[in-house]
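Per-entry structural report
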Amino acid sequence: MGVRIPPPVQKKYYIMSKVLNYFSEAFEELKSNVTWPEWSEVQRLTIVVAVFSIVFALATWGVDEVFAKSIAGFFKWIKG
């Protein structure tokens with residue numbers, strides 16, 4: 001009468017099968033349940049995002065320049 005020890009589980013293959021299962025289910029979800037926009041809408045929204053990004057970058061640059069000149073002027077005034 002002894003204690004029976006089960007054989008070791010090969011975790012590597014178990015994890016790999018779960019990863020492959022996840023990707024196959026995700027791909028199936030994209031194929032069957034996702035409503036994709038029309039190409040013209042994709043182009044229009046891409047242009048909107050690009051314009052907004054440029055405007056936001058210019059606004060950030062402008063605020064940075066104003067603060068840089070303000071701080072430089074303040075220290076110049078302090079040195080006096």
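Residue numbers here run from 1 along each chain, matching the order of that chain's written sequence. Since the coordinates come from a predicted model, pLDDT governs what is reported: local features require at least 70, and pairs of side-chain atoms require 80 or more to be given and counted, while whole-chain, interface and lining totals use all residues. Only hydrogens and water are set aside; all other atoms, that is, all heavy atoms of the structure, feed into the side-chain values.

Only DSSP runs of H or I covering at least 4 residues are called helices, and only runs of E covering at least 2 are called strands; the numbering of each starts at the N terminus. When helices and strands are tallied, the protein shows two helices and zero strands. Relative to a compact globule of 80 residues, whose C-alpha radius of gyration would be 12 Å, the protein shows 30 Å and is clearly more extended. Once the C-alpha set of the protein is aligned to its principal axes, its extents read approximately 95 × 50 × 15 Å. Think of it in three bands: residues with accessible area under 20% of the maximum for their type are buried, residues over 50% are exposed, and the middle band is partly exposed, with areas taken using a 1.4 Å probe on protein chains only. Counting only residues that meet the buried cut, the protein has 0% of its 80 residues in that class. Carbon and sulfur atoms provide 71% of the accessible area of the protein, an area that totals close to 8300 Å². Note that His is not counted, nor are the chain ends; the positive residues are Lys and Arg, and the negative ones are Asp and Glu. Charged groups are reduced to one reference atom each: NZ for lysine, CZ for arginine, CG for aspartic acid, CD for glutamic acid. Looking at charge distribution, the protein has the averaged site of its 9 positive side-chain charges lying 15 Å from that of its 7 negative ones. Here the globule rule reads 2.2 Å times residues to the power 0.38, and the radius of gyration is calculated from C-alpha atoms. Here the open area of atoms and residues is found with the Shrake-Rupley method and a 1.4 Å probe, where only the protein chains shown may cover a residue.

With that out of the way, let us pick up the environment of A59. The residue A59 is located in helix α2 (residues 39-79) in this model. Spatially, the C-alpha atoms of A59 and W77 are 27 Å apart, while their sequence positions differ by 18 residues.

What follows concerns α2. Multiplying 1.5 Å by the residue count of a helix minus one yields the expected span of that helix. The terminal C-alpha atoms of α2, which comprises 41 residues, lie 60 Å apart, in line with the 60 Å expected from a rise of 1.5 Å per residue. Taken from the residues just after α2, G80 is the one with a positive phi, measuring 40°.

To continue, consider the packing of aromatic side chains. Any two of the Phe, Tyr and Trp rings considered here, Trp counted by its six-membered ring, make a pair once their centres fall within 6.5 Å; the pair's planes then place it as stacked at under 30 degrees, edge-to-face at over 60, or tilted in between. Applying the stated rule across the entire model yields four aromatic pairs. Ring centres of F52 and F56 lie 6.1 Å apart, and the angle between their planes is 20°; this geometry places the pair in the stacked category. Taken as a pair, F52 and F56 lie in helix α2 at a separation of four residues, close to a single helical turn. We classify F52 as exposed; its relative accessible area is 55%. For F56, a relative accessible area of 52% puts it in the exposed group. Members of the aromatic cluster, connected to one another through ring pairs, are F74, F75 and W77.

For patch building, the residue pool is restricted to those with more than 30% relative accessible area and no salt bridge; the joining distance is 9 Å between like charges and 5 Å between nonpolar side chains (Val, Leu, Ile, Met, Phe, Trp, Tyr). Any carboxyl oxygen of Asp or Glu that lies within 4 Å of a side-chain nitrogen of Lys or Arg is treated as forming a salt bridge with it. The grouping of Y14, I15, M16, V19, L20, Y22 and F23 at the surface amounts to a nonpolar patch, some 780 Å² of accessible area in total. Here V19 falls in the partly exposed class, since its relative accessible area comes to 36%.

A few words now on the pattern of salt bridges. Within the structure shown, the criterion is met by one salt bridge. A salt bridge links K31 to E28, with the shortest nitrogen-to-oxygen separation between them at 3.9 Å. Linking K31 with E28, this pair stays in helix α1 (residues 11-32), spanning three residues, or about one helical turn.

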